[in-house]
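Coordinate analysis (summary)
One letter stands for each residue in the lines below.
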Amino acid sequence: MPGIPHVEITQFLKQHHLAQSLTMSEIQTLAEYVTHAHFHADQVIAEWGSLGEALFFCVKGEMAIIHHTADGDEVEVVRVQEGEMAGEMSFFDRQPRSARIIAKSDDTQVLVLTRARYQRLKVEKPYITVNILEQAIISLDHLFRNLSQGYTDFSTYIYGKGKH
């Protein structure tokens, strides 16, 4: 997977929610800890059942979080847009992934922060890792709100208004 220049990674991070409270120097430091990966549409970025050894920040394109239903079908739970994070649940709770992450556009580009680099960053630059944790909380909140709204809409559709 070809890399993108450090300057472009820094430019992306400057515009990312994650870096809103970071100085330019801290953004440049974070850029040194991530790698760049490129995926084609429907290519698997992270497989369910695997241990989350990396966080993914969408630079370009979209990612989708795909979950198995009880009868074995696959359902898209949420889309991850440019500037958003994916893979945080398994990364932080160290449990096997409960969903698959796939690229949804032909030129999906992500920044990858591995667990080993995160551990180093945590010791060397704790302020940056606090920002990553805050972004993970926001990302999980976004997912929870989407799922809650979907559940409410579905319940209303099935049972009628006020009967769920």
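A brief structural summary. All values reported here derive from a predicted model rather than from experimental measurement.

Our focus in this paragraph is the sheet that holds strand E7 (residues 100-103). Reading across the sheet, the four strands line up as E2-E7-E4-E5 and stay open at both edges, with antiparallel pairing between neighbours. Both edges of this open sheet fall to strand E2 (44-46) and strand E5 (74-80), since each of them pairs with a single strand only. Neighbour to neighbour, the strand axes of the sheet diverge by 35 degrees on average, direction disregarded.

What follows covers the pairing of strand E8 (residues 108-114). In terms of burial, E8 is a largely internal element, six of the seven residues being buried. With five bridges joining them, strand E1 (residues 35-39) and E8 adopt antiparallel strand pairing. For Thr35, the partnering residue across the bridge sits in E8 and is Val112. Across six bridges, the pairing between strand E3 (residues 54-60) and E8 is antiparallel. Its bridge partner lying in E8, Leu55 is registered against Leu113.

Glancing now at unusual backbone geometry. Leave glycine aside and you will find that most residues have negative phi; peptide bonds, for their part, are mostly trans. The backbone of Asp42 shows a phi angle near 70 degrees, a positive value even though the residue is not glycine. Its place among the elements puts Asp42 in the loop between E1 and E2. By relative accessible area, which is 54% here, Asp42 ends up exposed.

Quick look at the packing of aromatic side chains now. With the rule as written, the count across this model stands at three aromatic pairs. Taken together, a centroid distance of 5.3 Å and an interplanar angle of 85 degrees make the contact between Phe91 and Tyr118 edge-to-face. In this pair, Phe91 sits in helix H3 (residues 88-93) while Tyr118 sits in helix H4 (residues 115-124), placing the two residues 27 residues apart along the sequence. With 5.7 Å between their ring centres and 80 degrees between their planes, Phe92 and Tyr118 make a pair best called edge-to-face. Separated by 26 residues along the polypeptide, Phe92 in helix H3 and Tyr118 in helix H4 bring together distant segments of the chain. Classification of Phe92 as partly exposed rests on a relative accessible area of 31%. Owing to a relative accessible area of 5%, Tyr118 belongs among the buried residues under this scheme. One aromatic cluster is present, formed by Phe91, Phe92 and Tyr118 through successive ring pairs. The ring of Trp48 carries Arg100 above its face, with NZ or CZ at 4.0 Å from the centroid. Note that Arg115 overlies the ring of Phe91, its terminal NZ or CZ placed 4.6 Å from the centroid.

To continue, consider the packing of helix H2 (residues 24-33) against H4. The N-to-C vectors of H2 and H4 enclose an angle of 150 degrees; their axes lie 10 Å apart at closest approach. In this view, H2 runs roughly antiparallel relative to H4, as classed from their interaxial angle. Of the two possible hands of crossing, H2 and H4 adopt the one that is right-handed. In this structure, H2 uses Leu30, Glu32 and Tyr33 to contact H4, whose residues at the interface are Arg117, Arg120, Leu121 and Glu124. Here the residues of the contact of H2 with H4 are counted per class, giving three nonpolar, no polar and four charged.

To continue, consider H4. Turning to H4, its buried residues number three or more, namely Arg115, Tyr118 and Leu121. Projected down its long axis, H4 carries its buried residues within an arc of 120 degrees, all on one side. Exposed positions of H4 whose direction lies more than 90 degrees from the buried face are Ala116 and Val123.

Glancing now at the side chain of Glu88. Topologically, Glu88 is positioned in helix H3. Setting aside its immediate chain neighbours within four residues, Glu88 contacts Leu55, Ala136, Ser139 and Leu140.

Cut-offs used in this document
Residues numbered from 1 in each chain as written. Predicted model: local features only at pLDDT ≥ 70, side-chain atom pairs only at ≥ 80, totals over all residues. Heavy atoms only, no water. Pairing = 2+ DSSP bridges. Helix = DSSP H or I, 4+ residues; strand = E, 2+ residues; numbered from the N terminus. Axes fitted to C-alpha atoms, helices over the stretch in contact; angles between N-to-C directions. Buried < 20%, exposed > 50% of the residue type's maximum accessible area, 1.4 Å probe, protein only. Phe/Tyr/Trp six-rings, centres within 6.5 Å; stacked < 30°, edge-to-face > 60°. Lys NZ or Arg CZ within 6 Å of the ring centre and 35° of its normal. Parallel < 35°, antiparallel > 145°, perpendicular 65-115°, else oblique. Left-handed = near helix turned anticlockwise from the far one by under 90°. Contact = heavy atoms within 4.5 Å. Nonpolar A, V, L, I, M, F, W, Y, C, P; charged D, E, K, R; others polar. Arc of directions from axis to C-beta.

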